[in-house]
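# Analysis of the macromolecular model
Residue strings, one per chain:
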Amino acid sequence: MSKKIILSGIQATGKLTLGNYLGAIDNWVKMQEEYECYYMIANLHSLTVRNDPETLKNNTLKIIAIYVAAGLDPERNNIFIQSQVKEHAELGWILNCYTYMGELSRMTQFKDKSAKHADNINAGLFTYPVLMAADILLYQANLVPVGADQMQHLEIARDIAERFNKIYGETFVIPEGYIAKTSSRIMGLQDPTSKMSKSATNLNDVIFLEDEPDIILRKFKKAVTDSENIVKFEPENKPGVSNLMQIYSSCTSKTMEEIEKEFENSGYGNFKAKVAEAVIEKLEPIQKKYKEILNNPEYLEKIYKKGAENARKLASKTLDTVKEKIGIII
Ligand code: TRP
């Protein structure tokens, strides 16, 4: 039996964070044995907000370097840049015509982003989920590992696929969203009630994968906790401490009970330093490899060119089928 297909992506906006790593990439690495994987850098999605062109280019390359440095084997995974597989934009347009304004208006992320960028509520921001549906459906992906915030977009991708299949007969595989059991939702260090975000305005809220050890230590030392001085996993009542425990657990594979025991008689100061140390240790080999890869642009280029070439094979097949069905001459 052929392997199930996975597709996922990360936007090329902003620098990747510890949250992206522990919540997403680290899990992808675990799945590369079992699935046929497509991982893209969603640089077309990035255009929905204004970017400095040089920065967008650099971020795109940096994400590829991080994917590989974190352990995604470019021989076994198809790592590619969304814009280099033109089928995404093309299917995105077609699917726009099978998506309703009403369903897009309900998207939480659209509402949030419109509020945040009130001066630039562009049409791309509105149809963002349709392009994401195209990303997924082109590869007939069975599983789409996403964060909880992307589940609504996944639902709409399923709805579009089902709608299309109903009109034209079986065309798209209906994808399942996948939130890995082992994956952790990493929250901000300053505001542990919301997700650690690469677009955070307070830089102390976020650990970037590129942060040097002294910066990581400093940020953890400043992390918001509470006044109890007890290391205990209670996300509702102790979001700050619980988030730090989650990070520690992800980096050391220790359970919450083990961590509670380890810091039974220790204050927050020592606990925070230990969490920082674990993160620094976990990131060190990745950062080293990351720098090596970034310093080797030919290698990087080889990876994404080959990735796009492979991706195109499957994507163009799906797009041709779609065109046949709807009456677009190929
Ligand atoms: N919208 C996703 C995010 O912001 C990124 C993304 C784009 C994606 N296309 C995708 C994720 C397809 C999964 C599948 O996180």
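Source: prediction; values computed, not measured. (Residues numbered from 1 in each chain as written. Predicted model: local features only at pLDDT ≥ 70, side-chain atom pairs only at ≥ 80, totals over all residues. Heavy atoms only, no water.)

### Overview of the domain arrangement of the chain
As assigned here, the chain comprises domain 1 (5–179 + 297–326) and domain 2 (203–291). Summarising the inter-unit geometry, the C-alpha centres of domain 1 and domain 2 are found 31 Å apart. In this complex, domain 1 contributes 13 residues to the contact, which on the side of domain 2 involves 15 residues. Across the contact surface, domain 1 and domain 2 share one salt bridge. Notably, a salt bridge pairs K62 with E210, separated by 3.3 Å at the nearest N-O pair. There are three residue pairs in polar contact (both at pLDDT 80 or more) connecting domain 1 and domain 2. Secondary-structure elements contributing two or more residues to the side of domain 1 that touches domain 2 are α1 (18–31) and α2 (53–69). Per-element tally for the side of domain 1 that touches domain 2: the top contributor is α2, with five residues. (Domains from an automatic or database assignment. Contact = heavy atoms within 4.5 Å. Salt bridge = Lys/Arg side-chain N within 4 Å of Asp/Glu carboxyl O. Polar contact = N/O pair within 3.5 Å; in protein donor to acceptor, adjacent residues only side chain to side chain. Helix = DSSP H or I, 4+ residues; strand = E, 2+ residues; numbered from the N terminus.)

### Concerning the site of the ligand
Around the ligand sit 14 residues in total, of which M40, Y128, M132, D135 and Q150 are the nearest. A distance of 2.8 Å is found between a nitrogen atom of the ligand and a side-chain nitrogen or oxygen belonging to Y128. Isolated, the ligand exposes 360 Å² of accessible area, and the fraction of that covered by the protein chains is 89%. Of the residues that constitute the shell around the ligand, the class distribution is eight nonpolar, five polar and one charged. (Near = heavy atom within 4 Å. Areas by Shrake-Rupley, 256 points an atom, 1.4 Å probe, with all protein chains shown as cover. Nonpolar A, V, L, I, M, F, W, Y, C, P; charged D, E, K, R; others polar.)

### Some points on the pattern of salt bridges
Evaluation of the coordinates by the stated rule reveals 17 salt bridges. Of the charged contacts, one joins E33 and R76 as a salt bridge, the two residues approaching to 3.1 Å between their closest N and O atoms. Taken as a pair, E33 in the loop between α1 and β2 (36–42) and R76 in the loop between α2 and β3 (77–81) lie far apart in primary sequence, 43 residues in all. When the shortest N-O distance is used, the salt bridge between K57 and E54 registers 3.7 Å. Taken as a pair, K57 and E54 lie in helix α2 at a separation of three residues, close to a single helical turn.

### A short note on the packing of helix α9 (residues 239–252) against helix α11 (residues 268–294)
Helix packing geometry: the angle between the two helix axes and the distance between the axes. At their nearest, the axes of α9 and α11 sit 9 Å apart, and the two run at 35° to each other. For the crossing formed where α9 meets α11, the hand is left-handed. Where α9 approaches α11, its residues V241, L244, M245, I247, Y248, S250, C251 and T252 are matched on the opposing element by Y268, F271, K272, K274, V275, A278, V279 and K282. Split by residue class, the contact of α9 with α11 holds eleven nonpolar, two polar and three charged. (Axes fitted to C-alpha atoms, helices over the stretch in contact; angles between N-to-C directions. Left-handed = near helix turned anticlockwise from the far one by under 90°.)

### With respect to the pairing of β2
Two faces make up the sheet, and in a regular strand the side chains alternate between them. Burial analysis of β2 places six of its seven residues in the buried class, which makes it a mostly covered element. Pairing between strand β1 (residues 5–11) and β2: seven bridges, direction parallel. Across the sheet, residue L7 finds its bridge partner in β2, namely Y38. The β-α-β motif built from β1, the intervening α1 and the parallel element β2 has right-handed crossover chirality. On the question of chirality, the crossover connecting β2 to the parallel β3 by way of α2 is right-handed. (Buried < 20%, exposed > 50% of the residue type's maximum accessible area, 1.4 Å probe, protein only. Pairing = 2+ DSSP bridges. Right-handed = clockwise from strand over helix to strand, strands pointing away.)

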